[in-house]
Every structure is written in structure tokens, then in C-alpha cells.
Amino acid sequence: MNPTSSEAVAAALGRAESVTIVSHVRPDADTIGSALGLGSALRDSGKRVQCAFPGPERLPGPLRELPGTDLLVDAGSLERADVVVAVDAATAGRLGELEAVLAAAPVTICIDHHVSNPGFADLDLIDPESDCTTAIVLRVIDALGATLTVDIATCLYAGLITDTGSFKWARPASFAIAARLTEAGVDAARWSRTLLDSHPYRWLRMLSDVLESSVLDETACGGLGLVYAVVTADQMAEMNWDEAESVIDVVRTAREAEVAAVFKEVGSRRWAVSLRSKTVVDLVPIARSLGGGGHVRASGYSDTGTRDDVIARLRATL
Ligand SMILES: [Mn+2]
């Protein structure tokens, strides 16, 4: 890794006439908020800006309401840019087909907060002490001398509230940033509701089915306990893929288990797995050994095989 400062990143962006910002697969509010917030600030200062995220999953409905989505273009129709910035991606592989866009760029920048990120760009602005990537983007925007408009603040706030679980595990710096963003005019109640507290009714029925078949094993993980649940593709029929992302937030509340897992069937014999721990288990080495990464208390990875295969593989790793 080549550690860098927000000032160095701002200087590289300041020299560029065109900038492309790329988000990670299965895009969430932090990666899209980072892209649209930084993209809007750069566009306001006269740069040509394009943002994109890789497929196959579509943009979650709530994120389509964020300001600045007009910056988004199809992954396949990106123009060549002077600088390509990856946001909230712990590895270049998390950029899916857009990894090639990064590889072909004259100058690359990585802005991220995952402790597992080894650095993969010319300039790596990685801060694992930051609760979200949008908070690091705010530092870059300040270093650029750009104005914090309500639209930019809204995009940054989206990443802040989702990655801190509505400030449940927020560090002190995040409260100061929240004050600044809401003073800039963010409608905090609206965005909490839109991004965290709103589902189609059939989500409740899906959750009921999923919890019914959940498993608690208090002997797993050296006696610390494991709770897990499986979300099948059938259960997700007629719902957007992102409606499965919040299931882990219910499953992990089981008091008897230190570790929680949700196995999401994303294709034929293909799974996306979310992991959470409460107080002692470091999930980063576990997720890494399974090909993923993330944070100490929240990580994830992808796996292939039958439902029983992927469950057994995790259990053997714990
Ligand atoms: Mn993030």
C-alpha cells in the first residue's frame, strides 16, 4: 500500500479534466453515496464526471432517490477518463467488470474504510478508523475547497447512517459529521425512513419464513454460539435483491450467539454470505479465508455449492 492524504487525492483530482468513479458489486448506500457525493462536488467544479457500478444486481430502489443519480451511466458505456476512483471497495475484485476500467486508467485512486483493504491504486486513501467511506469523501471534498451543498451532504449522509446502523456503533467523529451534514440541510428523518425503515409488505412474509427455518447452535464457535439463516432465491422472487440485505440485522439480535450468518442464494449454486459478530470474534480472518473481507464485526464473502456445502464450509472455518 502507498498511504496517501486527502490533500494528495484532491490535488490529483484537481489536475484531472475528466473523472470516473466506480462502486462495488451489490451496491449499497456507502458506495453509491460516496460516488454521487464526490461526483457532484467534482461536477460543480467543472469536471466531466461519470459514475458506474458493476452488475448483475441493479441499483436498489431507495438509492435511486438520491440526488446526483444522473451521473450514473451503464458500466459498458463509460468514456475514458484522466482519473478513475474506486469507492468503498475492499479489493479491486469487488469492482466486478469495472476492475478492467480501473486497470486501464492513467491514474487510479482508492478511497475506502475496510480494514482488510490491502491497497490497489496509485493513491490509496484508506482509513479503517472511519465508520464509512462517505466520511473520507467529505475530507476530500473539503481538501478540494468544494461547497457542501444539500445534495452532496445527502449522499454522504446516506453512507453514514447505513454503515453505522443508525449510529448504533458510530464513533465520536461520526456524530460531528452528522451534525455538519444535517446543518447543511439533510432531511435526516426522510433518509432514515427511506434507507433503513422501509420495505414492501412481502418482505415481512419473507422474513417470517426465513426466521422460521433459522438455526441456533450454542456449541459452535468454541461455545460462543452461532445463529444462521438461509434466504433462497424462491423466497426473494418478486422482490429486489437488496431486500435480503437487512435480514442479518434481525438474525444477529439472537443473544445466545456471538456470530450470526445469513446465506443469500444469488444464483444457481451461488451464494453471498453476510457475517456479524458482537464483541469478541474478529471476522476479517474468517471472511478472508473464504475469499471475502470487510470489518472486524461485519464481513462477507461469496461461495458456490449446495446450501449444505456452504453452511458446512463456514462452520468448519469458525
Ligand atoms: Mn462502507
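Residues numbered from 1 in each chain as written. Predicted model: local features only at pLDDT ≥ 70, side-chain atom pairs only at ≥ 80, totals over all residues. Heavy atoms only, no water.

### What to know about the sheet that holds strand β6 (residues 215-217)
Point 1. Pairing is mixed across the open sheet formed by 6 strands, whose spatial order is β6-β7-β8-β9-β11-β10. Taken across any chain shown, the strands that pair with only one partner, and hence form the sheet edges, are β6 and β10 (293-294).
Point 2. Packed onto the sheet, helix α11 (residues 307-317) meets β6, β7 (226-231), β8 (259-267), β9 (270-277) and β11 (298-304) and runs at close to 135 degrees relative to β11. (Pairing = 2+ DSSP bridges. Helix = DSSP H or I, 4+ residues; strand = E, 2+ residues; numbered from the N terminus. Contact = heavy atoms within 4.5 Å. Axes fitted to C-alpha atoms, helices over the stretch in contact; angles between N-to-C directions.)

### Comments concerning the packing of aromatic side chains
The geometry of an aromatic ring pair comes down to the distance between the two centres and the angle between the two planes.
Point 1. Following the criterion strictly, the structure yields 3 aromatic pairs and no others.
Point 2. For the pair Tyr228 and Phe263, a centre-to-centre distance of 5.9 Å together with 90 degrees between the ring planes defines the contact as edge-to-face. You can see Tyr228 sitting in strand β7 and its partner Phe263 sitting in strand β8, a full 35 residues away along the chain. For the residue pair Tyr228 and Phe263, the accessibility class agrees, reading buried in each case.
Point 3. Through a chain of ring-to-ring contacts, the aromatic side chains of Tyr157, Phe167 and Phe175 assemble into a single cluster. (Phe/Tyr/Trp six-rings, centres within 6.5 Å; stacked < 30°, edge-to-face > 60°. Buried < 20%, exposed > 50% of the residue type's maximum accessible area, 1.4 Å probe, protein only.)

### Considerations on the state of the cysteines
Point 1. What the rule picks out here adds up to 0 disulfides.
Point 2. Cys132 provides the cysteine sulfur closest to Cys110, a residue in no disulfide bond, and the two sulfurs are 15 Å apart.
Point 3. On the basis of relative accessible area, Cys110 is assigned to the buried category, the value being 0%.
Point 4. The thiol sulfur of Cys132 is not disulfide-bonded, and the nearest other cysteine sulfur, from Cys155, lies at 13 Å.
Point 5. Assessed through its relative accessible area of 0%, Cys132 is described here as buried. (Disulfide = S-S within 2.5 Å.)

### Re the domain arrangement of the protein
Point 1. Each assigned domain of the protein is listed with its residue range as follows: domain 1 (6-196) and domain 2 (201-317).
Point 2. On a C-alpha basis, the centres of domain 1 and domain 2 stand 26 Å from each other.
Point 3. Taken together, the 13 residues of domain 1 in the interface contact 14 residues of domain 2.
Point 4. Overall, the association of domain 1 and domain 2 removes approximately 1,100 Å² of surface from exposure, summing both partners, and the carbon and sulfur fraction of that is 52%.
Point 5. Taken as a group, Arg26, Val115 and Ser116 account for 47% of the area that domain 1 buries against domain 2, more than any other trio of residues on that side.
Point 6. The partner of Arg26 in a salt bridge is Glu245, with the nearest N and O atoms 3.0 Å apart.
Point 7. Between the two partners, domain 1 and domain 2, sit 6 residue pairs in polar contact (both at pLDDT 80 or more).
Point 8. Among the residues forming the side of domain 1 that touches domain 2, the class breakdown is 5 nonpolar, 4 polar and 4 charged. (Domains from an automatic or database assignment. Buried area = accessible area lost by both parts, 1.4 Å probe. Salt bridge = Lys/Arg side-chain N within 4 Å of Asp/Glu carboxyl O. Polar contact = N/O pair within 3.5 Å; in protein donor to acceptor, adjacent residues only side chain to side chain. Nonpolar A, V, L, I, M, F, W, Y, C, P; charged D, E, K, R; others polar.)

### Things to note about the environment of Val231
Point 1. With respect to the helices and strands, Val231 occurs in strand β7.
Point 2. We classify Val231 as buried; its relative accessible area is 1%.
Point 3. Expressed as a C-alpha distance, the spacing of Val231 and Met206, which sit 25 residues apart in the sequence, is 8.4 Å.
Point 4. Apart from residues no more than four positions distant in its own chain, Val231 is found in contact with Met206, Val210, Met236, Ala244, Val247, Val262, Phe263, Lys264, Glu265 and Trp271.

### Description of the sheet that holds strand β2 (residues 48-52)
Point 1. Pairing within the open sheet is parallel, and its 5 strands lie in the order β2-β1-β3-β4-β5. Single-partner strands in this sheet number two, and they are β2 and β5 (123-126). Each adjacent strand pair in this sheet contributes to an overall mean axis angle of 15 degrees, direction not counted.
Point 2. Judged from the 5 bridges that link them, strand β3 (residues 83-87) and strand β4 (residues 107-112) form a sheet pairing that is parallel.

### Some words on the coordination of the manganese ion
Point 1. Looking at the metal site, the manganese ion is ligated by Asp30 (OD), Asp88 (OD), His113 (NE2) and Asp163 (OD), spaced 2.1 to 2.4 Å from it.
Point 2. On the primary sequence, the residues serving as donors to the manganese ion are separated as D-x57-D-x24-H-x49-D. Residue Asp30 is located in helix α2 (residues 29-44), and its partner His113 is located in the loop between β4 and β5; the two are separated by 83 residues in the primary sequence. Of the two residues examined, Asp30 and His113, each falls in the buried class. (Donors = N, O, S within 2.8 Å, 3.2 Å for Na, K, Ca; no water.)

### Side note on the packing of helix α1 (residues 6-15) against helix α4 (residues 133-144)
Point 1. In contact at an axis separation of 8 Å, α1 and α4 are set at 60 degrees when each is read in the N-to-C sense. Between α1 and α4, the angle is such that the two are oblique. For the element pair α1 and α4, the recorded crossing hand is right-handed. In this structure, α1 contributes Ser6, Glu7, Val9, Ala10, Leu13 and Gly14 to the contact, and α4 contributes Arg139, Val140, Ala143 and Leu144.
Point 2. Its residues placed into classes, the contact of α1 with α4 shows 6 nonpolar, 2 polar and 2 charged. (Parallel < 35°, antiparallel > 145°, perpendicular 65-115°, else oblique. Left-handed = near helix turned anticlockwise from the far one by under 90°.)

### Examining the side chain of Thr134
Point 1. Of note, Thr134 is situated in helix α4.
Point 2. Not counting chain neighbours up to four residues away, the residues in contact with Thr134 comprise Asp30, Gly33, Ser34, Cys155, Leu156, Gly159 and Leu160.

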